[in-house]
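Architecture and fold: a report
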Amino acid sequence: MTFTVAEELDGISVRTFLRRYCSVSARTLAKLKRTENGIMLGDRQIRSIDILHSGDVLTLNFPQDTTHIEPADIPVAVAYEDDCVIIFDKPAGMTVHPVHEYKSNTLANAAAFHMQQMGQNYSFRPVSRLDKDTSGLVLCAKNRYAAAFLADHNEKTYTALCHGIIEGSGTIDEPLRIKEGHTIQRETGEGGQSAVTHYKAVRTIDDRYTLLEIKLETGRTHQIRAHFSSIGHPLAGDDMYGGSREEFCRQCLHCSSVSFTHPETGRTVTVNSYIDFFSEISPE
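My aim in this report is to walk through the structure given alongside it, one point at a time. From a predicted model like this one, the values you see are computed outputs, not experimental measurements.

**Overview of the overall build of the chain**
Each helix and strand counted, the chain has six helices and 16 strands in total. The proportion of buried residues among the 284 residues of the chain is 47%. Across the chain, contacts joining residues at least 24 apart in sequence account for 63% of those joining residues at least 6 apart. With the model as given, the accessible surface of the chain reaches about 14,400 Å², and the carbon-plus-sulfur share is 44%. Taking the average place of the 29 positive charges on the side chains of the chain and the average place of its 37 negative ones, the gap between the two points comes to 7 Å.

Written out as structure tokens, the structure is:
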């Protein structure tokens, strides 16, 4: 990754430039300092205490990643990819990380195979995660710096189908906590983590469902599912939170768009999902 020193930053130290203006964490900077050719100015390696001048181009070469995830040839669409970022379009029914009951058919395994085919080697770093039965875009970083930067510079848009009729737009601002007697299921209530969900009704379906566009201020586990259940409009197909599976085999939730500030260029990039969510889950 490369960064150019602006005119007004002439005379700044490498450390201050990277930490204050490039959002490089102290931990990442320490790793770069221990890496051969980790911080380069032109063709020479420089120290964090060295002074930079306007117009200087600083190059960061991150340590080689190692991964212990077994590659698996699983078809998953890549919606976007460059040297820093990759976005997968995850189908429903696929977990993001290997767990006890799903060890090899995960997005991490598919990502490892994709990296192998591209002759690349980097750790799987999902900046955002989706439940197993939620489909759509999963934003991933290809290095430590990009992962830390993207965590605070991205916005996701979800499409959902809920039971009942909702009109207009609104916000659900209710804390979420683990439901008593459960390990994963959430509920609204005192003592929970702050959770804010913004929604806009797109249209009604058969006077029984509402298609919604949703954006989150926070990213709590099961936030959308628990929030809409709490207002009496559970997602269609989401039987964990009160939705019916008579017409749907999974919760009708899809990450349809991701916008992010690119960690290297600073430009805003917007990526849309290839998956046609509405036609996929529409009742007959």
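Continuing now.
**Considering helix 3 (residues 107-117)**
Along an α-helix, a turn takes 3.6 residues, which lines up residues three or four apart on a common side. Summarising burial for helix 3: eight of the 11 residues are buried, a large majority. Burial in helix 3 covers these residues: Leu107, Ala108, Asn109, Ala110, Ala111, Ala112, His114 and Met115. Residues of helix 3 that are buried sit in contact with strand 5 (77-81), strand 6 (85-90) and strand 8 (135-141). At the N-terminal boundary of helix 3, the capping side chain belongs to Thr106, with an oxygen 3.3 Å from the backbone nitrogen of Ala108. Count one or two residues on from helix 3 and you reach Gly119, which has phi positive near 70°.

**Overview of the pattern of salt bridges**
For the structure on display, the rule yields 10 salt bridges. Measuring nitrogen to oxygen at the nearest pair gives 2.8 Å for the salt bridge that ties Arg225 to Asp238. With Arg225 in helix 5 (residues 223-230) and Asp238 in the loop between helix 5 and strand 15 (253-261), the pair connects residues that are 13 residues apart, well separated along the chain. Each member of the pair, Arg225 as well as Asp238, is classed as buried. Among the charged side chains, a salt-bridge network with shared partners connects Asp131, Arg225 and Asp238.

**Notes on the state of the cysteines**
Simply put, disulfide is the name for a covalent bond between the sulfur atoms of two cysteines. For the coordinates displayed, the defined rule picks out zero disulfides. As a non-bridged cysteine, Cys249 has Cys252 as the owner of its nearest cysteine sulfur, 8.2 Å distant. The exposure class of Cys252 is buried, given its relative accessible area of 0%.

**Quick look at the sheet that holds strand 1 (residues 2-4)**
Pairing in this open sheet of four strands is antiparallel, and the strands run 1-4-2-3 from one edge to the other. A single partner strand is all that each edge strand has here, and the edge strands are strand 1 and strand 3 (44-45). As judged from the three bridges shared by strand 2 (residues 39-41) and strand 4 (residues 57-60), these two strands associate in the antiparallel manner. Counted as the bridge partner of Leu41 is Leu58 from strand 4. Sheet strands in contact with helix 1 (residues 14-21) are strand 1, strand 2 and strand 4, and its direction is about 75° off that of strand 4.

**As for the side chain of Gln185**
Its location among the elements puts Gln185 in the loop between strand 11 (176-178) and strand 12 (186-188). Of the polar contacts made by the side chain of Gln185, one reaches the side chain of His182; its length is 3.5 Å.

**Focus: the side chain of Thr218**
By the secondary structure assignment, Thr218 is in the loop between strand 14 (209-216) and helix 5. Looking at Thr218, its side chain comes within polar contact range of the main-chain nitrogen of Val196, at 3.0 Å. Among the polar contacts made by the side chain of Thr218, one reaches the side chain of Gln223 at a distance of 2.8 Å. Beyond its immediate stretch of four places on either side in the chain, Thr218 contacts Ser194, Ala195, Val196 and Gln223.

**Some words on the nonpolar core**
The biggest cluster of nonpolar side chains holds 65 residues, and the ones touching the most others in it are Phe17 and Leu18. Formed by eight residues, the second largest nonpolar core is a distinct cluster that contains Leu161, Ala236, Phe248 and Phe277.

**Here we look at the packing of aromatic side chains**
Each aromatic ring pair is described using two quantities: the centre-to-centre distance and the angle formed by the ring planes. Counting across every chain of the model gives five aromatic pairs. An angle of 85° between the planes, with centres 5.6 Å apart, marks the rings of Phe3 and Tyr145 as edge-to-face. Linking Phe3 in strand 1 with Tyr145 in helix 4 (residues 144-151), this pair joins segments that are 142 residues apart in sequence. With respect to burial, Phe3 and Tyr145 carry one shared label: buried.

The rules behind these values
Residues numbered from 1 in each chain as written. Predicted model: local features only at pLDDT ≥ 70, side-chain atom pairs only at ≥ 80, totals over all residues. Heavy atoms only, no water. Helix = DSSP H or I, 4+ residues; strand = E, 2+ residues; numbered from the N terminus. Buried < 20%, exposed > 50% of the residue type's maximum accessible area, 1.4 Å probe, protein only. Contact = heavy atoms within 4.5 Å. Areas by Shrake-Rupley, 256 points an atom, 1.4 Å probe, with all protein chains shown as cover. Lys, Arg positive; Asp, Glu negative; His and termini not counted. Charge placed at Lys NZ, Arg CZ, Asp CG, Glu CD. Polar contact = N/O pair within 3.5 Å; in protein donor to acceptor, adjacent residues only side chain to side chain. Salt bridge = Lys/Arg side-chain N within 4 Å of Asp/Glu carboxyl O. Disulfide = S-S within 2.5 Å. Pairing = 2+ DSSP bridges. Axes fitted to C-alpha atoms, helices over the stretch in contact; angles between N-to-C directions. Core = buried A, V, L, I, M, F, W, Y, C linked by side-chain atoms within 4.5 Å. Phe/Tyr/Trp six-rings, centres within 6.5 Å; stacked < 30°, edge-to-face > 60°.

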